[in-house]
Amino acid sequence: MANKTQPGYHLGFDLGGTKMLAVVYDDQFNAVGRNRIKTRGNLGVESVLQRLIGNIESALTDAQVEPSELRSIGIGVPGAVNMQTGVVLGAVNLAWKNVPVAETLVNHFQCPVQLLNDVDAGVFGESQFGAGRGATNVLGVFPGTGIGGGVVLNGEIVTGASQTAVEIGHIPAVPNGIRCGCGLRGCLETVASRLAIAGQAAQAAYRGAAPYLLEQVGTDISLIRSGVLAASIANGDSEVERIIKSACKYLGKAIGAMATVLSPDVVVLGGGLAEAMPELFTKYTSKAAEKSVVPILKGTFEVKIAELGDDASVLGAAVWGAQKSAS
Ligand SMILES: [Zn+2]
């Protein structure tokens, strides 16, 4: 894919709710410089845009690259974007609505700028250089506080008419289940997100069914993160293992349904949970997905754990920016 792009440098940007990361890549997408600062969304749109520009300039300085050597900029945003116009339609974490990010950056850096959703950027990054490299069709599922999802079909990101497609976290999983943050009941997020898993694990710890977890972090959900969940299973908390297996079954069932529609080559599972417990997540999610996919598609896709970690989005944004600017 890199041969589609022009020689020079490409910038990838991961705009998060709390931090923003800029990475400068050479034309083979080797990282040659980076800079990370706090986002400070509370300071308002103009201030964050200035910080964004400053962060790019700091990354260029770190890479010893002149702004004039920059061929493209790709920005991953935590919200809905119009990829054609480069406008952030809405980003709840930043309290942004209709912010013309691409125009601001084009004016400043005088090079093409592409915007995309950060989860889409992560899935695209994995499809190019990570667990999905070599695959044509990739479904990405990232269980975290919620559950993010993205689809790359024939090398293109699927956005849908609303630019917010692949809300896999809100696929119905439990009939008449508990109410989800989105307003529906029984969404996948309510049973398979880290928040849902941590909630169940806290209850298990409280009633004495997860002694290691209780001893390590107590019953505070905010302290029950991926690493300690993995450690608790490794140290014999079988109830926590059961909770994770149950979440994987729900994930797998939803993935099977998605696979029936999309027929991916690879399903990439990412995020802290899946990366902390790779064997467990691959085995049980894959098993449930194979069980629920339409029989003619059994064995046609592989469930794999993401390989790029925290750099998936920033690299994906850079590659997307480079490809779209060259085409
Ligand atoms: Zn929902």
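Residues numbered from 1 in each chain as written. Predicted model: local features only at pLDDT ≥ 70, side-chain atom pairs only at ≥ 80, totals over all residues. Heavy atoms only, no water.

**Concerning the overall build of the protein chain**
Then, in step 1: The secondary structure content of the protein chain amounts to 11 helices and 13 strands.
Then, in step 2: A globule of 327 residues ought to have a C-alpha radius of gyration of about 20 Å, and the protein chain, at 20 Å, matches this closely.
Then, in step 3: By its C-alpha atoms, the protein chain is 60 × 45 × 35 Å across when sized along the principal axes.
Then, in step 4: Considering the protein chain as a whole, with its 327 residues, one finds that 53% of them fall into the buried category.
Then, in step 5: A separation threshold of at least 6 residues defines the contact pool for the protein chain, and within that pool the share at least 24 residues apart is 62%. (Helix = DSSP H or I, 4+ residues; strand = E, 2+ residues; numbered from the N terminus. Rg over C-alpha atoms; globule rule 2.2 N^0.38 Å. Buried < 20%, exposed > 50% of the residue type's maximum accessible area, 1.4 Å probe, protein only. Contact = heavy atoms within 4.5 Å.)

**Focus: helix H8 (residues 238-262)**
Then, in step 1: Between its first and last C-alpha, H8 extends 35 Å over 25 residues, near the 36 Å set by a 1.5 Å rise per residue.
Then, in step 2: Note on H8: the residue one or two positions beyond its end, Ser263, has a positive phi of about 50°. (Expected span 1.5 Å × (residues − 1).)

**Structural notes on a positive patch on the surface**
Then, in step 1: On the surface, Lys19, Arg36, Lys38 and Arg40 cluster together into a positively charged patch.
Then, in step 2: Mapped onto the secondary structure, Arg40 falls in the loop between strand E3 (31-38) and helix H1 (45-63).
Then, in step 3: On the accessibility criterion, Arg40 (42% relative accessible area) is partly exposed. (Patch = residues over 30% accessible without salt bridge, like charges linked within 9 Å, V, L, I, M, F, W, Y side chains within 5 Å. Areas by Shrake-Rupley, 256 points an atom, 1.4 Å probe, with all protein chains shown as cover. Salt bridge = Lys/Arg side-chain N within 4 Å of Asp/Glu carboxyl O. Lys, Arg positive; Asp, Glu negative; His and termini not counted. Charge placed at Lys NZ, Arg CZ, Asp CG, Glu CD.)

**Description of the coordination of the zinc ion**
Then, in step 1: For the zinc ion, the full set of protein donor atoms is His170 (ND1), Cys180 (SG), Cys182 (SG) and Cys187 (SG), and the range of their distances to it is 2.0 to 2.4 Å.
Then, in step 2: Considering all four donor atoms around the zinc ion, the spread of angles at the metal, 104 to 121°, places the coordination shape in the tetrahedral class.
Then, in step 3: Read in sequence order, the donor residues for the zinc ion give the motif H-x9-C-x1-C-x4-C.
Then, in step 4: Judged by relative accessible area, Cys182 falls into the partly exposed class, the value being 40%. (Donors = N, O, S within 2.8 Å, 3.2 Å for Na, K, Ca; no water. Tetrahedral: all angles 85-135°; square planar, octahedral: opposite > 155°, others 65-115°.)

**Concerning the packing of aromatic side chains**
Then, in step 1: Inspection of the entire model under this criterion finds three aromatic pairs.
Then, in step 2: An angle of 50° between the planes, with centres 6.2 Å apart, marks the rings of Tyr25 and Phe29 as tilted.
Then, in step 3: Judged by centre distance (5.0 Å) and plane angle (85°), the ring pair of Phe124 and Trp320 falls under edge-to-face. Linking Phe124 in helix H3 (residues 118-129) with Trp320 in helix H11 (residues 312-326), this pair joins segments that are 196 residues apart in sequence.
Then, in step 4: Look at Phe124 and you get buried, because its relative accessible area is 0%.
Then, in step 5: The class for Trp320 is buried, based on a relative accessible area of 4%.
Then, in step 6: Counting every residue linked through ring pairs, the aromatic cluster contains Tyr25, Phe29 and Phe129. (Phe/Tyr/Trp six-rings, centres within 6.5 Å; stacked < 30°, edge-to-face > 60°.)

**Some words on unusual backbone geometry**
Then, in step 1: Positive phi outside glycine occurs at Gln64, with the angle close to 55°.
Then, in step 2: Along the polypeptide, Gln64 turns up in the loop between H1 and strand E4 (70-77).
Then, in step 3: Residue Asn98 is not a glycine yet carries a positive backbone phi of 50°.
Then, in step 4: Structurally, the position occupied by Asn98 is in strand E7 (residues 96-99).

**As for the domain arrangement of the protein chain**
Then, in step 1: We note that the domain assignment places domain 1 (2-126 + 311-326) and domain 2 (134-306) within the protein chain.
Then, in step 2: Once you take the C-alpha centre of each, domain 1 and domain 2 turn out to be 28 Å apart.
Then, in step 3: In this assembly, 15 residues from domain 1 lie in contact with 16 residues from domain 2.
Then, in step 4: Carbon and sulfur atoms make up 69% of the surface buried where domain 1 meets domain 2, a total of about 1,200 Å² over both sides.
Then, in step 5: Between Glu156 and Lys324 there is a salt bridge, with its nearest N and O atoms 2.9 Å apart.
Then, in step 6: Taken together, domain 1 and domain 2 are joined by one residue pair in polar contact (both at pLDDT 80 or more).
Then, in step 7: Of the residues belonging to the side of domain 1 that touches domain 2, the class tally is nine nonpolar, three polar and three charged. (Domains from an automatic or database assignment. Buried area = accessible area lost by both parts, 1.4 Å probe. Polar contact = N/O pair within 3.5 Å; in protein donor to acceptor, adjacent residues only side chain to side chain. Nonpolar A, V, L, I, M, F, W, Y, C, P; charged D, E, K, R; others polar.)

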